[in-house]
Structure formats: C-alpha cells, structure tokens
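# Coordinate inspection notes
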Amino acid sequence: METKIKEFRNEKGLSQQKLADLTGVTRQTINALENARYNPSLLLAFRITKILDKENIEDVFIIDDGE
C-alpha cells in the first residue's frame, strides 16, 4: 500500500523514530510503511493519520482497489 507518510512526516518535522515513538511501533515499521513493504492495522493507520493532523485516512494511505 502506497502512503504519504514520509511527505507529511517531513512537513511536521518528525523523524521516523519520533513518529514510531508517538504511535507505539518501531522505526523499522515506519520505514516499511513508507516504502510500501507493510500494510498497517486499521488502528495504526488511524493513529498515524491523527498524529500527522490529517482528517481522513485516505489522505495518508493510498488504497489501490485494482480499478
């Protein structure tokens, strides 16, 4: 799943480690999300969206429905 985590994280001046600390995951998890190597749980996706000050989960996570 593609994301805009890196873009929005950089806008807020957050390192991968800081975002990981705020969401309760490892820095490696944030890295994997940013590189589309890991699909987050719904709870983690909502946490990241909130921390990045975005209203909609779709603003951060690009869901490819195959169409």
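The following refers to the structure shown. (Residues numbered from 1 in each chain as written. Predicted model: local features only at pLDDT ≥ 70, side-chain atom pairs only at ≥ 80, totals over all residues. Heavy atoms only, no water.)

### Details of the nonpolar core
Ranked by internal contacts, the top residues of the largest apolar core, which has 14 residues, are Ile 5, Ile 30, Leu 33, Ile 48, Leu 52, Val 60 and Phe 61. If you list the elements that add at least two residues to this core, you get helix H1 (5-11), helix H2 (16-23), helix H3 (27-34), helix H4 (42-51) and helix H5 (57-60). Broken down by element, this core gets its largest block of residues, three residues, from H4. Non-local contacts of Leu 33, meaning those with residues more than four positions away in its chain, are made with Met 1, Thr 3, Ile 5, Tyr 38, Asn 39, Pro 40, Leu 44 and Ile 48. (Core = buried A, V, L, I, M, F, W, Y, C linked by side-chain atoms within 4.5 Å. Buried < 20%, exposed > 50% of the residue type's maximum accessible area, 1.4 Å probe, protein only. Helix = DSSP H or I, 4+ residues; strand = E, 2+ residues; numbered from the N terminus. Contact = heavy atoms within 4.5 Å.)

### Describing the environment of Val 25
With respect to the helices, strands and loops of the structure, Val 25 is situated in the loop between H2 and H3. Sequence-wise, Val 25 and Ser 15 are ten residues apart; in three dimensions their C-alpha atoms are separated by 13 Å. In contact with Val 25, not counting residues within four places along its chain, are Ala 20, Ile 30 and Leu 44.

### Regarding the packing of H2 against H3
Look at H2 against H3: their axes get within 8 Å of each other, and the N-to-C directions meet at 110°. Taken as axis vectors, H2 and H3 run roughly perpendicular relative to one another. Here Gln 16, Gln 17, Leu 19, Ala 20 and Thr 23 of H2 lie close against H3, whose contacting residues are Arg 27, Ile 30, Asn 31 and Glu 34. In terms of residue class, the contact of H2 with H3 is built from three nonpolar, four polar and two charged. (Axes fitted to C-alpha atoms, helices over the stretch in contact; angles between N-to-C directions. Parallel < 35°, antiparallel > 145°, perpendicular 65-115°, else oblique. Nonpolar A, V, L, I, M, F, W, Y, C, P; charged D, E, K, R; others polar.)

### Notes on the pattern of salt bridges
Throughout the structure, instances matching the rule amount to two salt bridges. Two residues, Glu 34 and Arg 9, come together in a salt bridge whose shortest N-O distance is 2.6 Å. On the criterion of sequence distance, the pair formed by Glu 34 in helix H3 and Arg 9 in helix H1 is long-range, its members being 25 residues apart. The same class applies to Glu 34 and to Arg 9, which are both buried. The residue Asp 53 makes a salt bridge to Lys 12 at a minimum N-O spacing of 2.6 Å. Highlighted residues: Asp 53 in the loop between H4 and H5 and Lys 12 in the loop between H1 and H2, separated in sequence by 41 residues. The exposure class of Asp 53 is exposed, given its relative accessible area of 56%. Classification of Lys 12 as partly exposed rests on a relative accessible area of 38%. (Salt bridge = Lys/Arg side-chain N within 4 Å of Asp/Glu carboxyl O.)

Nothing here speaks to function; it is all geometry.
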